[in-house]
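# Examination of the molecular architecture
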Amino acid sequence: GNPIFWLLNGSSTYYVNGNVGIGTTTPGYTLDVSGGMRTTATSTFGGNVGIGTASPAARLDVNGSIRTGNDTTTCGSTNAGAVKYTSSSFYGCNGSSWRPIALVPKGSAALPGASCSDILADGQTTSGTYWINPSGTPFQVYCDMTTSGGGWTILLSSANTVNQCTNLGFSGVPSGACSATTAYASGADAGNNSFANLYLSSGNFVNFVVSSVLYQVSNSSGCGQPCGIYLYDASSAYLAGYMYSSSPAIYNLATPQKLSKIMNFVGCPGTNNIMMLGIK
């Protein structure tokens, strides 16, 4: 038969020539186990340990999710840095006591979303003020999370108390046209067919890719075409227009893209009241 290479050193057994296989006749490692392995005592490793990966880059490298349960031991210096999950909350041991771990929600100042639809997808379903960062500088917007599927980054609205004209830094909006409770994007002088442009080609929205526009635009009697809002692409070419509706309506762009501006055109003897204007 095969020669025996196991050696004894007191009560210890060791093997020095080649690999050892358990459940395999072709071990590729010093200890190659084909099957499960159980240990009931403390085990230590001198290198990196990979679970779900053959090339761990950290002391413990897990390719997949990790589940942690409750830990009834007292938090102290020996288990500082430990994490446990109890009922519905995570706790961390700071070396003296178990402290709740606050998970940062997307849309907060610490973790801005790319847009309101991004924040909605993360589970934030309440309309309100959130932080977004579509172009490199975080800023606050009002997110409508309920109208027509939600996820709308509101540009102008007469319903919320956020002064969007000021907060979003739009140019082209006439002085006095925006207030904290009523937002209008009508021209400074409707009788002269003036209009206001909301420019998205610079500033906070320069990299915002728009797939849909939410609008609720009411105009006074006698105002017909070409009243309404108009969309222009990144090269300032006309995309769509003559859009107004007394109830929330949606225009879906054929191809998601950046917009240079949204124009509120006031033609004939009427004025457009932008009751709601949002993008996503």
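From a predicted model like this one, the values you see are computed outputs, not experimental measurements.

With that out of the way, let us pick up unusual backbone geometry. Located in the positive-phi region is Ser-148, a residue other than glycine, with phi close to 50°. Inspection of the secondary structure assignment puts Ser-148 in the loop between strand E11 (139-144) and strand E12 (152-157). Accessibility expressed as a relative area gives 37% for Ser-148, which makes it partly exposed. Positive phi outside glycine occurs at Ser-236, with the angle close to 70°.

Here the focus is the sheet that holds strand E9 (residues 98-100). The antiparallel open sheet is built from three strands, whose spatial order is E7-E8-E9. A single partner strand is all that each edge strand has here, and the edge strands are strand E7 (83-86) and E9. On average, each strand axis in the sheet is tilted by 35° relative to the strand beside it, whichever way the strands run. Direction of pairing for strand E8 (residues 89-93) relative to E9: antiparallel, over a ladder of three bridges. Residue Tyr-91 lies in a different strand from E9, and its bridge partner there is Pro-100.

The next point concerns the pattern of salt bridges. For the coordinates displayed, the defined rule picks out one salt bridge. One salt bridge connects Lys-106 with Asp-118, and the closest N-O pair in it is separated by 3.4 Å. Placement of the pair is Lys-106 in the loop between E9 and helix H1 (116-121) and Asp-118 in helix H1, with a sequence separation of twelve residues. Overall, Asp-118 belongs to the partly exposed group, its relative accessible area being 23%.

To continue, consider the environment of Ile-154. Its location among the elements puts Ile-154 in strand E12. A residue is classified by how much of its surface remains accessible, and Ile-154, at 2% relative accessible area, is buried.

So, on to the packing of aromatic side chains. Summed over the entire model, instances satisfying the criterion amount to five aromatic pairs. With a centroid separation of 5.4 Å and 70° between ring planes, the pair formed by Phe-139 and Phe-205 is classed as edge-to-face. Placement of the pair is Phe-139 in strand E11 and Phe-205 in the loop between strand E13 (195-199) and strand E14 (209-219), with a sequence separation of 66 residues. The rings of Phe-139, Phe-205 and Phe-208 are connected pair by pair, giving a single aromatic cluster. We note Lys-84 situated over the ring of Tyr-91; from NZ or CZ to the ring centre the distance is 5.9 Å. Looking at Lys-261, its charged tip hangs above the ring of Tyr-232, at a distance of 4.8 Å from the centre.

On to the confidence of the model for the chain, then. Chain-level pLDDT for the chain is 77 on average; 76% of the residues reach the 70-or-more range. Mean pLDDT values for the elements of the chain range from 41 in helix H2 (residues 164-167) up to 93 in H1.

All right, on to the pairing of E8 then. Sheet analysis places E7 next to E8, joined by four bridges and oriented antiparallel. Each residue of the ladder has a partner; that of Lys-84, found in E8, is Tyr-91. Connecting the antiparallel pair E7 and E8 is a turn made up of two residues, with Ser-87 showing a positive phi of about 60°.

Glancing now at the state of the cysteines. Throughout the structure, instances matching the rule amount to two disulfides. Linked covalently through their sulfurs, Cys-116 and Cys-143 form a disulfide whose S-S length is 2.0 Å. Classification of the bridge connecting Cys-116 and Cys-143 rests on its S-S torsion, roughly -75°, and on that basis the disulfide is left-handed. Pair noted here: Cys-116 is in helix H1 and Cys-143 is in strand E11, with a separation of 27 residues, a long-range link.

What counts and how
Residues numbered from 1 in each chain as written. Predicted model: local features only at pLDDT ≥ 70, side-chain atom pairs only at ≥ 80, totals over all residues. Heavy atoms only, no water. Helix = DSSP H or I, 4+ residues; strand = E, 2+ residues; numbered from the N terminus. Buried < 20%, exposed > 50% of the residue type's maximum accessible area, 1.4 Å probe, protein only. Pairing = 2+ DSSP bridges. Axes fitted to C-alpha atoms, helices over the stretch in contact; angles between N-to-C directions. Salt bridge = Lys/Arg side-chain N within 4 Å of Asp/Glu carboxyl O. Phe/Tyr/Trp six-rings, centres within 6.5 Å; stacked < 30°, edge-to-face > 60°. Lys NZ or Arg CZ within 6 Å of the ring centre and 35° of its normal. pLDDT = per-residue confidence, 0-100. Disulfide = S-S within 2.5 Å.

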